[in-house]
Amino acid sequence: MYKIMTAGPTQVRENVRQARSVECTNPDLDPEFFEFYKSTCNMLEELIHADGQALILGGEGMLALEGACASLTEDGDRVLVIDNGIFGRGFADIVKIYGGEPVLYTTDYKRTIDIEKLRFFLEKDSDFKYATLVHCDTPTGMLNDIHAICPLLAEYGILPVVDSVAGMFGEQVDFDKAQIGILCGGSQKVLSAPPGLAMVWVSDKAWEMMENRKSPIRSFYANLLLMKDYYKNMAFPYTMPSSCIQGLRVAVENAKSDKEIILRHRKLADSVRTAVTKSGLKLFGENGFSNTVTAIEVPEGLTGEKILEILKRKHNILLSGSLGEFSGKIIRIGHMGENANISDISSVMKALDKTFFDLHYGLNDKLYDTFLEALGF
Ligand SMILES: *Cc1c(COP(=O)(O)O)cnc(C)c1O
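Scope of this entry: the structure provided in the associated data block.

Basis of the calculations
Numbers given to residues run from 1 along each chain, matching the order in which its sequence is written. Local features in this predicted model are restricted to residues whose pLDDT is 70 or higher, and side-chain atom pairs enter the listing and the counts only when it is 80 or higher, whereas totals over whole chains, interfaces and linings include all residues. To get the side-chain values, all heavy atoms of the structure are used, and hydrogens and water are removed first. Neighbouring residues are identified by heavy atoms, a residue being near a molecule or strand if any of them is within 4 Å of it. Here a polar contact is taken to be a pair of N or O atoms separated by no more than 3.5 Å, where protein atoms must pair a possible hydrogen donor with a possible acceptor and residues adjacent in sequence count only if both atoms sit in side chains. Each accessible area value is a Shrake-Rupley result obtained with a 1.4 Å probe; residue values ignore everything except the protein chains displayed when judging cover. Salt bridge criterion: a side-chain nitrogen from Lys or Arg within 4 Å of a carboxyl oxygen from Asp or Glu. Counting from the N terminus, the helices are DSSP H or I runs at least four residues long and the strands are E runs at least two residues long. We call a residue buried when its accessible area falls under 20% of the maximum for its residue type, exposed when it is over 50%, and partly exposed in between, using a 1.4 Å probe and counting protein chains only. Two strands pair under a simple rule: DSSP has to find at least two bridges between them.

## As for the site of the ligand
And step 1. The environment of the ligand is formed by Glu60, Met62, Phe87, Cys136, Thr138, Asp163, Val165, Ala166, Gln188 and Lys189.
And step 2. One of the side-chain nitrogen or oxygen atoms of Glu60 is found 2.9 Å away from an oxygen atom of the ligand.
And step 3. Taking Gln188, its side chain carries an N or O atom lying 3.4 Å from an oxygen atom of the ligand.
And step 4. When the ligand sits alone it has 370 Å² of accessible area, and the protein chains cover 80% of it.

## Comments concerning the pattern of salt bridges
And step 1. Applying the stated criterion to the full structure yields 22 salt bridges.
And step 2. Across the pair Lys177 and Asp174 runs a salt bridge whose closest N-O atoms are separated by 3.7 Å.
And step 3. The salt bridge involving Arg273 is made with Asp270; its shortest N-O contact spans 3.0 Å. Of this pair, Arg273 and Asp270 both sit in helix α12 (residues 261-279), separated by three residues, roughly a single helical turn.
And step 4. The structure contains a network of salt bridges with shared partners spanning Glu74, Asp77 and Lys129.

## So, the side chain of Thr10
And step 1. Mapped onto the secondary structure, Thr10 falls in the loop between β1 (3-4) and α1 (14-19).
And step 2. Judged by its relative accessible area of 3%, Thr10 falls in the buried class.
And step 3. One polar contact links Thr10 to Ser192, side chain to side chain, over a distance of 3.0 Å.

## As for the environment of Lys306
And step 1. Mapped onto the elements, Lys306 comes out in helix α13 (residues 304-315).
And step 2. Residue class for Lys306 comes out partly exposed when judged on its relative accessible area of 38%.
And step 3. For Lys306 and Thr355, which are 49 residues apart along the polypeptide, the C-alpha to C-alpha distance reads 9.4 Å.

## Looking at the sheet that holds strand β14 (residues 330-334)
Strand pairs in the sheet, formed through backbone hydrogen bonds, run parallel or antiparallel to each other.
And step 1. Sheet architecture is open: three strands sit in the order β11-β12-β14, paired in antiparallel fashion. Strand pairing shows two members of the sheet lacking a second neighbour, β11 (282-283) and β14, which therefore form its edges.

Right, dumping it as structure tokens:
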């Protein structure tokens, strides 16, 4: 067994794994299941400070992104795709599939979105039905300030669609205050349930936009409107994966009872970043460091593959590489959810120290020592 310290899926706590093995029901026919589903959604709404409706979808995190785009986009709709990362730009492909016209707002991948520059752009062009943006763009660990960006978009009458799959619960998300239209989440990141479920939070305004479409939504599985009145109708459009939802429920309870969850992510991430910097390694990016994942540049002369391979073979630890143009050039520690604990991160630090030693790459300071020191040990 490897210790998975990747940027999702994360480790899964035993109480979540056990919850997935309880007696099964028929989720289409059992009224208790509808209550159970609804109360779980209500907990999700509470955690994200949302007046809007939360829904759990039977599919991996991408279904939340696709559900938002499928349900909002009509032919020829202009959609602002805010792009300072790989998931950020990826939205353009989904928008296109559903007939929209993505307009990319591309900025430096090493920097978080600058509000004043975005305002400057919107002053010239704000004719967009909705905008997509990513909270934590995981492949580079880039964190955008959704609580500043979304209200700005809303000011221009643009509905914000936010992918916080890798941010929420480890980073503050305040749905109402940010004026988010649709928020996307997944089970396998900070919540630390196994992969397989997506979550969306939908504002009244977003529902209204879907209901006022001129053309029907061109999807069945990704059609959020079909889910909207599940409780009133006591019917889901497809059979819900009830065992997955049993597990998610306990993961949500775990998050809810963890009053210091955001603070803990920040402290651990801060200490990881201090250790990386003091060792002489470089963090990827210039600002906007997410507290859920740390992206480290692979030093000149080494390859990401080699580092990850040694970690895996000699230390039984899986870390993430990156995607697209960053693959091989970045390694990432996923210190989110169940992974966000001193003991596991210390093991990663120690293993990285040994790996760099094996590769004859000299570090200024030991990652392990500085990590613990930064935490006050
Ligand atoms: C994990 C993640 C998703 C879900 O996508 P998968 O690659 O299928 O796991 C979506 N957006 C972001 C930012 C993510 O980190």
